[in-house]
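One-letter residues, chain by chain:
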Amino acid sequence: MSFLFGQRPQPSSAEKIAAAEAEIEMVSNMFNQLVDTCTKKCIPPQYREADLNKGESVCLDRCVAKFFEVNVKVSEKMQGEAAQKGGAQGGAGGMFGQ
């Protein structure tokens with residue numbers, strides 16, 4: 001009966017596990033994309049030494065920082081749009097449970 005008063009029903013254990021698995025997959029995909037993107041951008045295919053040089057290290061630091069900055073901005077934008085859609089639907093919860 002909690003749905004009558006605007007509260008969402010509690011997810012079952014299977015739903016919690018599925019949500020956790022989806023989150024792990026999403027984070028893994030984001031990490032792999034980060035590694036691929038920044039490696040291609042900052043480290044030449046034929047490297048001369050085992051350690052990163054200063055230029056490569058600075059490039060990687062900046063690439064990772066920009067990647068996360070953009071990721072946060074996109075997430076905030078998507079959450080804002082989901083909240084607007086949820087508000088337009090009478091507060092039905094939206095995509096992120098807001």
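Presented here is a report on the structure given in the accompanying data block. (Residues numbered from 1 in each chain as written. Predicted model: local features only at pLDDT ≥ 70, side-chain atom pairs only at ≥ 80, totals over all residues. Heavy atoms only, no water.)

1. Details of a nonpolar patch on the surface
Judged by side-chain polarity, Val70, Val74 and Met78 come together as a nonpolar surface patch covering roughly 250 Å² of accessible area. Structurally, the position occupied by Val74 is in helix α2 (residues 54–88). Relative accessible area serves as the criterion here: at 42%, Val74 is assigned to the partly exposed category. (Patch = residues over 30% accessible without salt bridge, like charges linked within 9 Å, V, L, I, M, F, W, Y side chains within 5 Å. Areas by Shrake-Rupley, 256 points an atom, 1.4 Å probe, with all protein chains shown as cover. Salt bridge = Lys/Arg side-chain N within 4 Å of Asp/Glu carboxyl O. Helix = DSSP H or I, 4+ residues; strand = E, 2+ residues; numbered from the N terminus. Buried < 20%, exposed > 50% of the residue type's maximum accessible area, 1.4 Å probe, protein only.)

2. Description of the packing of aromatic side chains
Summed over all chains, the structure comprises one aromatic pair. Considering the side-chain rings of Phe67 and Phe68, the 6.2 Å spacing of their centres and the 85° angle between planes classify their relative orientation as edge-to-face. Looking at Phe68, the relative accessible area reads 37%, which means it is partly exposed. (Phe/Tyr/Trp six-rings, centres within 6.5 Å; stacked < 30°, edge-to-face > 60°.)

3. Digging into the state of the cysteines
In total, this model carries two disulfides according to the counting rule given. For the chain, numbering the cysteines in disulfides from first to last along the sequence yields the connectivity 1-4, 2-3. (Disulfide = S-S within 2.5 Å.)

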